[in-house]
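Residue-level structural notes
Here are the chains, one letter per residue:
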Amino acid sequence: MQWRSRPVVPISDTHGFTSAAHFAKEDTDLRFPGILRQAHTRDRDGMIRTDWTREEIAELFDLPFTELLFRAATVHREHHRPDEVQLCTLLSIKTGGCPEDCGYCSQSAHADSGVEATKLMDVRQVLQSAAQAKDAGSQRFCMGAAWRNPKDRDMPKIVEIVKGVRDMGMETCMTLGMLTPAQAEQLAEAGLDYYNHNVDTGPEYYDRVITTRKYEDRLTTLENVRQAGINVCSGGIVGMGETREDRVGFVHTLATLERHPESVPVNALVPVKGTPLGDMLADTPMAKIDDIEFVRTVAAARIAMPMSMVRLSAGRESMSDATQALCFMAGANSIFTGEKLLTAPNAGDDSDAALFARLGLKAMEGEEPLRAASGRAVGGCSGGCATKEAQAELT
Ligand code: SAM
Ligand code: DTB
Ligand code: SF4
C-alpha cells in the first residue's frame, strides 16, 4: 500500500511536548478509516464531557490495544506533563476490626487475615510519619481508617491531624468510610484537600463484593464530599473476578458524575489470604487479571476523565516494570510510594527510584490541572470549586 506522503508538522502543546492531537486529522482518518478518529472527550461547548454512554466506554475497551494506548497517551499530554508522576504516601491511622464485609479487604472483621485491630493513632505519631513522607519527596499524605464511618467523637482528633499535616505544607487526603454532610463540612473547614471514597467496581457487581452497604451509599458520600467543597478521589479495584462489562460500568460511573473526581485510583487486587477474594484467587489462579486488561482500564479512565489524576495504586508490587510503563503510557500519573500501603506491601522507594530512572520519569512538583482550576491549593482558597469557567480557562 502507498502511504500518502504529505509532511505532518507537529505543534508543541502548552507543556512543550509534541502532541499527536495536532497532527493533521484528515491524514490519519484517511489512512485508517474507522480507527484513528480522535477520542471525543469534550462536548459541543468544548467542555470536558460527563455524558459518556456505557456503549462509548465499552468501545474504548474494545479498541485494538495499540490504538487505545495511542489515544490515551494523546489525551494525557493534552492536560498533563507525560514525564511527571505524582508521589503520594499512605498511612493507616486506624487499622483492622472494620465491621464492613468488603471481600477484598484484610481489615474487615469478617476476614481471617491475621491483621490486628488498633485504635486511632496519636496525632503526634501521625505528624511524625507525615514529616518522613515529606522528606522522602511525597507531595500528598493519605490517611486511611478501617471504619464504616467515623464517629462524631473521632472528629476532633481527625481535624487536628488534617490541620497538622496541612501546616507542614503537604496536601492532605483522608479515607474514613461514609460521611454525613456535617462531617464532610467539618473536614472541609479543617482544610482537608481530598477525600478518598472508592466505588470499587461497576454497580452490577457491587453486591457480589460487599453486602454491608449499597453502591448508592458510596455515591451519597461522594456527593456530600463534593457539596462540602473537598476534592474528590474515587476509583476502584480491578481483578476481583469481575467481567469486562463491570469494568466498563466502573469507569462509566465515575466519568458520568456531575464533576469528574480530581483523582481516580485504579487498584489491582492485592490478594490477601483469609479474605473471600484473596482465597478465591488462590483457588482459581486463572481469575487473575490480565496485565493488558489492567492497562486497558487505566487507558479508558484516562480518556473518559482527561483532566483527572489517574493513580496506579495497589498491586504495583507484583507488576513488572513493563506493565507499569504501559500504565504510565496509558495516562497513569500518580502512585503511592513507600514500603507499605495500608496493610499490604508496596513497591518501595528504592525500586521506584530505579523504575523512574529506567523510564525517565520524575516526581511531579506543580499543581494538578483540575485542582489548579478549583483554587484549593495548600494555603489557598478553601471555598472554591472547579467551575466550568475555570475548567475552560485551563484548557
Ligand atoms: N474504610 C474506608 C473505605 O472503605 O472507604 C477506607 C479504607 S479502604 C482500605 C480504601 C480502599 O482501599 C478501598 O475502597 C479499596 O478500594 C482499596 N483496597 C482495600 N483492600 C484492597 C486490596 N486488597 N487490594 C486492592 N485494593 C484494596
Ligand atoms: C486506594 O484506592 N488505594 C489505597 C487508598 N485508596 C487508600 C489503599 C490500597 C489498600 C491496599 C491494601 C492494603 O494495604 O491493605
Ligand atoms: Fe472496612 Fe474500608 Fe476495608 Fe471495607 S475497605 S472492610 S470499609 S476498611
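Residues numbered from 1 in each chain as written. Chains lettered and ligands numbered in written order. Predicted model: local features only at pLDDT ≥ 70, side-chain atom pairs only at ≥ 80, totals over all residues. Heavy atoms only, no water.

1. Quick notes on the confidence of the model for the chain
For clarity, the threshold we go by: pLDDT gives the predictor's per-residue confidence on a scale running from 0 to 100. Note on contacts: a residue pair qualifies if any of its non-hydrogen atoms lie within 4.5 Å across the two residues.
When pLDDT is averaged along the chain, the result is 87; 83% of the residues meet or exceed 70. Here residues 1–27 is modelled with pLDDT under 50, and outside its nearest four sequence neighbours on either side it reaches 39 contacts, counting other chains as well. This model gives residues 376–395 a pLDDT under 50, and the stretch forms 45 contacts once residues within four places in sequence are excluded.

2. Quick notes on the site of ligand 1
Selection criterion: Any residue with a non-hydrogen atom lying within 4 Å of a molecule or strand is treated as near it. Side-chain atoms alone can form a polar contact between residues adjacent in sequence; in general such a contact is a pair of N or O atoms within 3.5 Å, and within protein one must be able to donate a hydrogen while the other accepts it. Surface accessibility in these figures is a Shrake-Rupley result with a 1.4 Å probe; residues are shielded only by whichever protein chains are displayed.
Close to ligand 1 lie 17 residues, the nearest being T175, N198, D200, R218 and V270. N198 places a polar side-chain atom, nitrogen or oxygen, 2.9 Å from an oxygen atom of ligand 1. At 2.9 Å, a backbone N or O of V270 approaches a nitrogen atom of ligand 1. Notes on ligand 1: free accessible area 550 Å², of which the protein chains cover 90%.

3. A word on helix α3 (residues 65–79)
The criterion, for reference: Under the DSSP-based scheme used, a helix requires at least four consecutive residues in state H or I and a strand at least two consecutive residues in state E, with every element numbered from the N terminus. Residue count minus one, scaled by 1.5 Å, sets the expected span of a helix. Exposure is judged per residue with a 1.4 Å probe applied to protein chains only, and the accessible area is read against the type maximum: over 50% gives exposed, under 20% gives buried, and values in between give partly exposed.
Over its 15 residues, α3 extends 22 Å from the first C-alpha to the last, a length consistent with the 21 Å expected when each residue adds 1.5 Å. In terms of burial, α3 is largely enclosed, as eleven of its 15 residues are buried. Every buried residue of α3 is accounted for by F65, E67, L68, L69, R71, A72, A73, T74, V75, H76 and H79.

4. Quick look at the site of ligand 2
The line we're drawing: The method works on a 1 Å grid over the protein atoms by themselves. A cavity is a set of points holding a 1.4 Å probe that cannot get out, a pocket is an open set with protein on both sides within 12 Å along at least five of seven lines, and residues with an atom within 4 Å of a point line them. What decides whether a molecule sits in a cavity or pocket is whether more than half of its atoms lie within 2 Å of the grid points. Classification used: nonpolar for Ala, Val, Leu, Ile, Met, Phe, Trp, Tyr, Cys and Pro, charged for Asp, Glu, Lys and Arg, polar for all others including Gly.
Taken together, 13 residues form the shell around ligand 2, and within it N198, N267, L342, T343 and A344 come nearest. Contacts to ligand 2 include N198, whose side-chain N or O atom sits 2.8 Å from an oxygen atom. Contact between ligand 2 and A344: an oxygen atom at 2.9 Å from a main-chain N or O atom of the residue. In the complex, the protein chains occlude 87% of the 400 Å² of accessible area that ligand 2 would expose alone. Applying the majority rule of atoms within 2 Å of the grid points places ligand 2 in the largest pocket. Of the residues contributing to the shell around ligand 2, the split by class is seven nonpolar, six polar and no charged.

5. Notes on the packing of aromatic side chains
The condition is simple: Working definition: a ring pair exists when centres of Phe, Tyr or Trp rings (six-membered ring for Trp) sit within 6.5 Å. Plane angles under 30 degrees give stacked, over 60 give edge-to-face, the rest tilted. Whether a charge sits over a ring comes down to the Lys NZ or Arg CZ being within 6 Å of the ring centre and within 35 degrees of the ring normal.
Throughout the structure, instances matching the rule amount to two aromatic pairs. Consider the rings of F328 and F356, whose centres lie 6.4 Å apart with planes at 85°: the pair is edge-to-face. Remark: F356 occurs in helix α13 (residues 349–359) and F328 occurs in helix α12 (residues 321–329); sequence separation between them is 28 residues. A relative accessible area of 6% means that F328 is categorised as buried. Judged by relative accessible area, which is 9%, F356 ranks as buried. Stacked on the ring of Y194, the Lys or Arg R140 has its end atom at 3.7 Å from the ring centre.

6. Focus on the pattern of salt bridges
Side-chain pairs of opposite charge can arise whenever the charged atoms involved come near each other. This is how the line gets drawn: Salt bridges are counted wherever a side-chain nitrogen of Lys or Arg sits within 4 Å of a carboxyl oxygen of Asp or Glu.
Tallied over the entire structure, the rule returns 21 salt bridges. Salt-bridge contacts for D83 lead to K362; the nearest nitrogen and oxygen are separated by 3.2 Å. Within this pair, whereas D83 is found in the loop between α3 and β1 (84–94), its partner K362 is found in strand β10 (residues 362–363), the two being separated by 279 residues in sequence. In this structure D83 comes out as buried when scored by relative accessible area, which is 16%. Ionic pairing is found between D321 and R358, a salt bridge with its closest N-O pair at 2.7 Å.

7. Some remarks on the layout of surface pockets
Spelled out, the test is: Grid points are joined across faces, edges and corners, and a volume is the space filled by probe spheres set on the points.
There is about 920 Å³ of room inside the largest pocket. Secondary-structure elements contributing two or more residues to the lining of the largest pocket are β1, β2 (140–145), β3 (171–175) and β7 (263–268). Across the lining of the largest pocket, the residue classes break down as 24 nonpolar, 13 polar and seven charged.

8. Considering the packing of helix α9 (residues 244–255) against helix α11 (residues 291–304)
Heads up, the rule is: Orientation is described by lines fitted to C-alpha atoms, with helices fitted over the stretch in contact, and by angles between N-to-C directions that extend from 0 to 180 degrees. Working rule for angles: under 35 degrees goes down as roughly parallel, over 145 as roughly antiparallel, 65 to 115 as roughly perpendicular, anything else as oblique. Handedness of each helix crossing follows the sense of rotation of the near helix against the far helix: counterclockwise by less than a right angle gives left-handed, clockwise gives right-handed.
Where α9 contacts α11, the two axes come as close as 10 Å, and the packing angle between them is 25°. As the angle between them shows, α9 and α11 are arranged roughly parallel. Once α9 is placed against α11, the crossing between them reads as right-handed. Counting all contacts with α9, which are made through R244, R247, F250, V251 and A255, the residues of α11 involved are E293, R296, T297, A300, A301 and A304. Of the residues assigned to the contact of α9 with α11, the class counts are six nonpolar, one polar and four charged.

9. A short note on the nonpolar core
Put simply, the rule is: Residue types Ala, Val, Leu, Ile, Met, Phe, Trp, Tyr and Cys, when buried and joined through side-chain atoms within 4.5 Å, form a set referred to as a nonpolar core.
By size, the foremost hydrophobic cluster in this structure holds 89 residues, and its most contacted members are I93, M174 and F294. Among the elements that line this core, the one with the most residues is α11, at eight residues. Membership of the second largest hydrophobic core comes to ten residues, among which are C88, C142, C173 and L341.

10. Notes on the side chain of T297
Looking at the secondary structure, you find T297 in helix α11. For T297, the side chain forms a polar contact with the main-chain oxygen of E293, separated by 2.9 Å.

11. Re the state of the cysteines
The test is simple: Any cysteine sulfur atom paired with another within 2.5 Å is treated as part of a disulfide.
Counted under the stated rule, the structure contains zero disulfides. You can see C142 has no disulfide; the closest cysteine sulfur is in C173, sitting 4.2 Å from it. Given the relative accessible area of 3%, C142 is considered buried.

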